[in-house]
Protein chains: 2
Amino acid sequence: MRIALLGGTGDIGQGLALRLAYDTAHEILIGSRDPEKARTKAEEYETELDSRGVDPDVKGFENGMAADRSDVVVVAVPPYHVSDTIEDVADRLDDDAVLVTPAVGMKSDEDGMHYHRPGAGSVTAVAAAAAPDSVSVVGAFHNLAADRLANLDIDLDVDTLVVGDDDDAKETVTMIAEQIDGLRALDAGPIANAAEVESVTPLVINIARYNEGMHDVGTTFH
Amino acid sequence: MRIALLGGTGDIGQGLALRLAYDTAHEILIGSRDPEKARTKAEEYETELDSRGVDPDVKGFENGMAADRSDVVVVAVPPYHVSDTIEDVADRLDDDAVLVTPAVGMKSDEDGMHYHRPGAGSVTAVAAAAAPDSVSVVGAFHNLAADRLANLDIDLDVDTLVVGDDDDAKETVTMIAEQIDGLRALDAGPIANAAEVESVTPLVINIARYNEGMHDVGTTFH
């Protein structure tokens with residue numbers, strides 16, 4: 001498959017790009033509003049993967065171009081850019097494309113990180129509202145510590161939670177997620193259940209802050 | 001220590017009573033609005049523990065009587081009874097008593113279980129508002145599946161998250177929690193961070209529903 005990572009030059013995009021290129025045979029397209037930045041980052045990722053003996057297939061494009069060519073489009077941008085980013089590329093999406101959103105709305109104060117629930121109910125619901133009707137939206141990859149994801153020396157050994165209203169789209173994302181070594185995908189139900197999934201991200205950030213030796217903490221359900 | 005479980009005749013109270021009596025040397029007081037019901041349940045728990053070769057110390061009392069005698073008071077009642085239950089026993093609490101709240105506000109619909117955040121910000125904050133100023137409130141034991149907790153044949157192997165504004169009170173609750181075999185307590189910060197902790201409970205219920213073989217699921221952070 002072709003997998004686009006819009007905003008793939010950021011933290012979570014970098015981690016997903018490296019893991020997907022390292023562990024799977026998918027073609028990875030890094031998207032950015034600035035195609036030059038996307039190409040530079042794609043080259044950085046290729047250099048990192050080359051050094052590990054992997055023959056990588058990572059290319060950089062402007063977001064619309066990356067979306068245009070892809071079966072799965074991960075919208076790896078901050079929550080307040082999710083809607084705009086999807087609207088910008090909406091015309092380029094195939095009818096059977098799957099949009100994936102890992103973004104989480106958060107607010108920080110002196111006590112810690114707090115879930116900031118959008119009016120639509122969740123960032124996943126925001127993405128679904130912005131997406132063309134023919135395109136399925138899936139929430140996944142939320143609560144993965146970016147540094148742990150991007151460091152290929154570390155065994156992931158964490159779960160990611162998948163929400164979506166279209167079972168086929170969820171199955172596609174679950175399959176891709178589980179192709180990443182040490183990542184297990186669990187079904188958390190439809191998009192209506194996304195808020196409870198998204199709010200794990202501020203929680204793990206708080207746990208990392210308040211407990212020694214728990215930097216880059218993840219979670220497993222068992 | 002003396003540990004009171006107000007509403008200790010319910011699911012989570014039963015699980016905590018059995019685990020605490022089985023794994024620790026604390027004296028366990030089961031509280032109920034109906035003292036006769038509390039005594040009957042306490043006898044049930046003692047029979048269960050007797051059959052496992054433990055000489056149990058579990059007694060039943062009316063809630064106020066249970067609170068009156070205890071160092072730690074767990075308010076194991078539904079979220080909408082937390083405030084009333086604390087106010088009912090407020091006069092009986094020692095100044096250095098620690099109140100513990102495992103309750104979570106939830107609403108269920110056809111899609112799943114959803115976190116229902118109280119106006120005060122969390123059930124822990126509701127409890128703190130209802131408690132006398134001299135009494136410390138700690139949120140803990142939220143996301144433990146009641147059946148898994150109550151079944152002493154099952155190794156727990158889960159984490160519980162502890163929130164509170166008083167470090168000594170948190171330390172007491174952490175110590176008690178970790179005396180339960182297979183339970184690890186992690187610090188999630190002050191009460192301001194309780195909503196993210198409480199919202200794990202509807203999430204694990206959704207995961208149990210949407211994934212085969214994950215009944216009574218718990219979570220660990222690592």
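Further up the page is the structure itself.
In short, a report on the structure. Keep in mind that this is a model prediction, so the values were computed, not measured.

### Structural notes on the sheet that holds strand β10 (residues 183-187) of chain B
With mixed pairing, 8 strands are arranged side by side in an open sheet as β3-β2-β1-β4-β5-β8-β9-β10 (chain B). Each having just a single partner strand, β3 (58-62) and β10 of chain B make up the two edges of the open sheet. Adjacent strand axes in the sheet meet at a mean angle of 25 degrees, parallel and antiparallel pairs treated alike. Where strand β1 (residues 2-6) of chain B lies against strand β2 (residues 27-32) of chain B, 5 bridges are found, and the strand directions are parallel. Considered in β2 of chain B, the bridge of Leu6 of chain B is made with Gly31 of chain B. Strand contacts of helix α9 (residues 200-210) of chain A: β9 (158-164) and β10 of chain B, with the helix running at about 90 degrees to β10 of chain B, the strand carrying the most contacts.

### Observations concerning the packing of helix α4 (residues 82-89) of chain A against helix α5 (residues 123-130) of chain A
Residue and element names in this part refer to chain A. Where α4 meets α5, the closest approach of the two axes is 9 Å, and the angle between their N-to-C directions is 25 degrees. One way to sum up the angle between α4 and α5 is to call them roughly parallel. Like other packed secondary-structure pairs, α4 and α5 cross with a definite hand, here right-handed. Contact residues: Val82, Ser83, Ile86 and Glu87 in α4; Val123, Val126, Ala127 and Ala130 in α5. Grouping the amino acids of the contact of α4 with α5 by side-chain chemistry returns 6 nonpolar, 1 polar and 1 charged.

### Observations regarding the pairing of β2 of chain B
A regular strand carries its side chains on alternate faces of the sheet. With 6 of its 6 residues buried, β2 of chain B lies for the most part within the structure. Handedness of the crossover is the feature at issue here: the chain leaves β2 of chain B, passes through helix α2 (residues 35-50) of chain B, returns alongside β3 of chain B, and the resulting connection is right-handed.

### Details of a negative patch on the surface
On the surface, Asp165, Asp166, Asp167, Asp168 and Glu171 of chain A cluster together into a patch of negative charge. A relative accessible area of 31% places Asp166 of chain A in the partly exposed class.

### Observations concerning the interface of chain A and chain B
Between chain A and chain B, the residue contacts involve 36 residues of the former and 36 residues of the latter. Counting each side, the surface lost to burial between chain A and chain B is near 2,700 Å², with a carbon and sulfur contribution of 57%. Remark: the boundary between chain A and chain B carries 0 salt bridges. Counting across the chain A and chain B interface gives 20 residue pairs in polar contact (both at pLDDT 80 or more). If you list the elements that add at least two residues to the side of chain A that touches chain B, you get β7 (113-115), β9 (158-164), β10 (183-187), α8 (194-198), α9 and β11 (219-221) of chain A. No other element matches the 7 residues that α9 of chain A contributes to the side of chain A that touches chain B. In terms of residue class, the side of chain A that touches chain B is made up of 18 nonpolar, 11 polar and 7 charged. Of the pairings in the sheet, the one linking β11 of chain A to strand β11 (residues 219-221) of chain B comprises 3 bridges and is antiparallel in character. Within the sheet, the bridge partner assigned to Thr220 of chain A lies in β11 of chain B and is Thr220 of chain B.

### A look at the pattern of salt bridges
The full count for this structure, using the stated rule, is 18 salt bridges over all chains. Arg52 of chain A is paired through a salt bridge with Glu48 of chain A; the nearest N and O atoms lie 3.1 Å apart. Among the salt bridges present, the one from Lys170 of chain B reaches Asp187 of chain B, with a minimum N-O distance of 2.7 Å. Taken as a pair, Lys170 of chain B in helix α7 (residues 167-179) and Asp187 of chain B in strand β10 lie far apart in primary sequence, 17 residues in all.

### Thoughts on the sheet that holds strand β3 (residues 58-62) of chain A
All names here are of chain A. Taken together, the 8 strands give an open sheet; going across it, the order is β3-β2-β1-β4-β5-β8-β9-β10, and neighbouring strands pair in mixed fashion. Whereas interior strands pair on both sides, the edge strands pair on one side only; in this sheet they are β3 and β10. Between one strand axis and the next, the sheet turns by 25 degrees as a mean value, whatever way the strands run. Relative to strand β8 (residues 136-139), α5 is tilted by about 165 degrees, and along the sheet it contacts β5 (98-101), β8 and β9.

Quick notes on the rules
- Residues numbered from 1 in each chain as written.
- Chains lettered and ligands numbered in written order.
- Predicted model: local features only at pLDDT ≥ 70, side-chain atom pairs only at ≥ 80, totals over all residues.
- Heavy atoms only, no water.
- Pairing = 2+ DSSP bridges.
- Helix = DSSP H or I, 4+ residues; strand = E, 2+ residues; numbered from the N terminus.
- Axes fitted to C-alpha atoms, helices over the stretch in contact; angles between N-to-C directions.
- Contact = heavy atoms within 4.5 Å.
- Parallel < 35°, antiparallel > 145°, perpendicular 65-115°, else oblique.
- Left-handed = near helix turned anticlockwise from the far one by under 90°.
- Nonpolar A, V, L, I, M, F, W, Y, C, P; charged D, E, K, R; others polar.
- Buried < 20%, exposed > 50% of the residue type's maximum accessible area, 1.4 Å probe, protein only.
- Right-handed = clockwise from strand over helix to strand, strands pointing away.
- Patch = residues over 30% accessible without salt bridge, like charges linked within 9 Å, V, L, I, M, F, W, Y side chains within 5 Å.
- Areas by Shrake-Rupley, 256 points an atom, 1.4 Å probe, with all protein chains shown as cover.
- Salt bridge = Lys/Arg side-chain N within 4 Å of Asp/Glu carboxyl O.
- Lys, Arg positive; Asp, Glu negative; His and termini not counted.
- Charge placed at Lys NZ, Arg CZ, Asp CG, Glu CD.
- Buried area = accessible area lost by both parts, 1.4 Å probe.
- Polar contact = N/O pair within 3.5 Å; in protein donor to acceptor, adjacent residues only side chain to side chain.

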